[in-house]
Structure formats: structure tokens, C-alpha cells
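# Residue-level structure breakdown
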Amino acid sequence: MAKVHITLVGGAAMPLYQGILYSKPDKIVYIYSKETTEQANTIYSTIEEAKHILKLSHTSQVLYDKLFPVNDVIKIEELAKEVIQTQTQKGDEISINLSGGAKIWDAIFQKISIENVTRYCISQDGVVLYTDPELRNVMTYLDMFVQCHFMKYKRKRYIAYKDYTDEDRNDYETIKSLYMQDGFPAFLDRMMNQYQKSRKAPLAGNVFFGDDFKSIAYNHQEKSFTVTFNDKQYQIHGPHAVEMLLDSGWVKYNVASLIAEIYGPENIYTNCIFTDNQNEILEMDLMVKADNKVLFVECQSGNQLSTLEDDRFYNGILNSFKSNINACGGLASKALFVTYSPIALCEKLCNETQKPHIEYFYTHNADGRPISVDELRNKIDSFINTTNV
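### A word on helix H12 (residues 344-351)
Among all positions in H12, only Cys-346, Leu-349 and Cys-350 are buried. Projected onto a plane normal to the axis of H12, the buried residues spread over an arc of 100° and lie on a single side. When the buried face of H12 is taken as reference, the exposed residues oriented beyond 90 degrees from it are Ala-344 and Asn-351.

What follows is the structure, encoded as C-alpha cells:
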């Protein structure tokens, strides 16, 4: 017989999506009230649009045609029994996700007698919590790009860390050595600002930033840069040269290299660009499949000078980062803000963040010594499995 999944719709959608993917049903029945009709329709249409991605092509969906009240116990029980009678058949394997809806719905769907049923709710951290004490709770995992899709953001482009080459690594070392020279960070900032103001259009033809003494020249045919600084020339010519030099890609690469030692290169993505249905663009520096969690990472080189500028700059960065996480991440997502060297202001601002809380780290000590992978691992381990509140 069929696998029928009944989901009670409330304000939070992600646990309901997780329940659907966990149960892999032949049929989904949505139970909702007048207040959650829009949410039910949104979940229905999102699943319908993504059936091929979710491997649910065979699954049918039913928006139950009678609205559930939120405080009429007799009517709720009557409707709950009716759902079982009309939407299931003898021998069906029934699952009920109690994560959403009114609390009284949960109580009644647990009270009424149903054959061959499992009841559970899903925590914000993706744990399936069975109401039957004889069943062991299990962890679910939601692919991070599927999660973004559920939040109405579709990936436009990204760089998989495993696709970086030895040439990219050499470019990183070159840019890092330049960055250590007096005056180069400020110069690079000016060049990046010029590029980013017009980066909706790709670099076309040969482009020149700067003057005869300090310059960045782009060779369109070879897709490479020649950097002139302090009477020396440097070549940047890897496959991701543009992102490395003009989009802080070298900082992201540095952080990604450390995290890849912890979670594996196949689980790291940099320069992630998403769009929503209105083509609004959302950007993430790094996205990491951190076991059963999604870890979002913001990377900054950290070369602002004035304290007032610092405060405004980093507050703006953190607010934007928080907004992006809330837009395309679930409640269980984790956030890490990383600078090249330790910046006390950044640590202070991160400590003050809430919903989501953003952790702070840096890749090099004040004396320039690189942070070890173990130090970063210890930092991530301190928060990755905590429950967000």
C-alpha cells in the first residue's frame, strides 16, 4: 500500500520540508488553518516545482479542503478522524509530522487511534523526535542548496573548492605577498571598488586600473592580470584570477583551505551567488556542508583604519551577513565571520549578534603567524552542534 504523510502547517516551514524528504511519501496531506493557508500553498507549490530535484516525482499532494480551527477541540477531533478516513486506506504506512500547526492539533492527532502510524516532530537542528519512546530519534540532513531553494533562493553560480587548481594556489600566494606590502591593501581596495561598481558586466577587452607606478592591467585574451607595485610586476593568471584579485577571492580561498582540512574539499563552496523570484541577488562568501549543518562564512581582509569607519563598515557587513543567512538559511544554520588578522572590534560586534549569533575567528595572529587547522577545528567544534535560540 501507499506511504501517506500528513503534515500540520504552522509558521515554520523548514521542519515540514525536512519531514517530507525524510518520509519520502507517495502522498502528502497538508492540514492548515485560515491563518496558515498561505504557508500551506507556498509549501505545496515549492514541492511541486522541485519534485525532480527532490526525487519526489511520484508523490501526489493534497491541500485538505476543510480548514482546521485553532481552539474548537470537538471540531478538530472530528476533522482529524475525517482526514484519516478519507485520505488513507487500510494497510497504508502513515506518518504524521507534528512540527507545525496549533498545539491542540498535535494533542488530538496523538490521541485518536490510527493503525500503522508513526508520529514525530523535527527540531530546528534537524532531529526527528518520535512520540513513541520505543523508536530511536534520528538526525536528518537537508542538502544546503536544496535548503536555499526551499527559502526561495536559487543558486546562480559558485566555485566548488575542489575545482581550484595549483595556479589558483600560486595566485593566492602572490596576492598574499602583495598584501603584506605597505600601501597595497589600500590600493587594492580602490581598484576593487572600481571593479565592483561595474561588475554586473564582465570584464571585456583589456582593462587598466591605476597609473604608471601602481596598476592592475587585465589581459582579456589570456584572462590574466599584471600587477605593478613598488617597481615590480606580478602575474595573476589562474582559472579564477578575477575572483581571486578583485573580489577578495584570495581571502576566501585561504579560509576555505583551512575548512577543507576539516570537512573535506568536496563540501566547500566559495563566491556563492543566489537569486530569488524577483532576481534580487544574494551573496555568500563560503558555504560549508558541516556534517548535518550548513555553515555560512563571511571573509574580510580587515584593513579599515579609522575607528569610526570601522564601526560603520563592520556593522554594515554583519547586518548584511545576518540578513543573507535569515533569507536562505534555516534555523539550524551556523555563521562564522573571519578576518585575516585579529580585530577586537569585530570580535565585540560578533559577540553582540543575535538571531543568528555569529561567531568570530581570524586566520593569522597579530604577529602574522597562520592559525593552525586544529585551532579552527576547536573553534568550529565549540558552536557547530549547539542549538540556536
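### Thoughts on the packing of helix H7 (residues 166-179) against helix H10 (residues 249-263)
Axis separation between H7 and H10 bottoms out at 9 Å; the angle between their running directions is 115°. Once H7 is placed against H10, the crossing between them reads as left-handed. From H7, Arg-169, Tyr-172, Ile-175, Lys-176 and Tyr-179 reach across to H10, where they touch Trp-250, Tyr-253, Asn-254 and Ser-257.

### Structural notes on the packing of aromatic side chains
Per the stated rule, a full pass over the model turns up 24 aromatic pairs. Ring centres 5.1 Å apart and planes at 75° place the aromatic pair Tyr-164 and Tyr-253 in the edge-to-face group. Of this pair, Tyr-164 sits in the loop between strand E8 (154-160) and H7 while Tyr-253 sits in helix H10, and the two are 89 residues apart along the sequence. We classify Tyr-253 as buried; its relative accessible area is 5%. Look at Tyr-218 and Phe-225: their rings are 4.8 Å apart centre to centre, the planes differ by 45°, and that puts the pair in the tilted class.

### Description of the side chain of Thr-363
Note that Thr-363 resides in the loop between strand E17 (358-362) and helix H13 (373-381). When neighbours within four sequence positions are excluded, Thr-363 is seen to be in contact with Asn-254, Val-255, Leu-258, Val-338, Thr-339, Tyr-340, Arg-369, Pro-370 and Ile-371.

### Thoughts on the packing of helix H4 (residues 73-87) against helix H5 (residues 103-111)
For the pair H4 and H5, the least separation of the axes is 10 Å and the interaxial angle reads 50°. Our classification of the angle between H4 and H5 gives oblique. The two elements H4 and H5 meet at a crossing, and its hand is right-handed. In this structure, H4 uses Val-73, Ile-76, Glu-77 and Ala-80 to contact H5, whose residues at the interface are Ile-104, Trp-105, Ile-108, Phe-109 and Lys-111. Along the lines of polarity and charge, the residues of the contact of H4 with H5 split into seven nonpolar, no polar and two charged.

Conventions we followed
- Residues numbered from 1 in each chain as written.
- Predicted model: local features only at pLDDT ≥ 70, side-chain atom pairs only at ≥ 80, totals over all residues.
- Heavy atoms only, no water.
- Buried < 20%, exposed > 50% of the residue type's maximum accessible area, 1.4 Å probe, protein only.
- Helix = DSSP H or I, 4+ residues; strand = E, 2+ residues; numbered from the N terminus.
- Arc of directions from axis to C-beta.
- Axes fitted to C-alpha atoms, helices over the stretch in contact; angles between N-to-C directions.
- Left-handed = near helix turned anticlockwise from the far one by under 90°.
- Contact = heavy atoms within 4.5 Å.
- Phe/Tyr/Trp six-rings, centres within 6.5 Å; stacked < 30°, edge-to-face > 60°.
- Parallel < 35°, antiparallel > 145°, perpendicular 65-115°, else oblique.
- Nonpolar A, V, L, I, M, F, W, Y, C, P; charged D, E, K, R; others polar.

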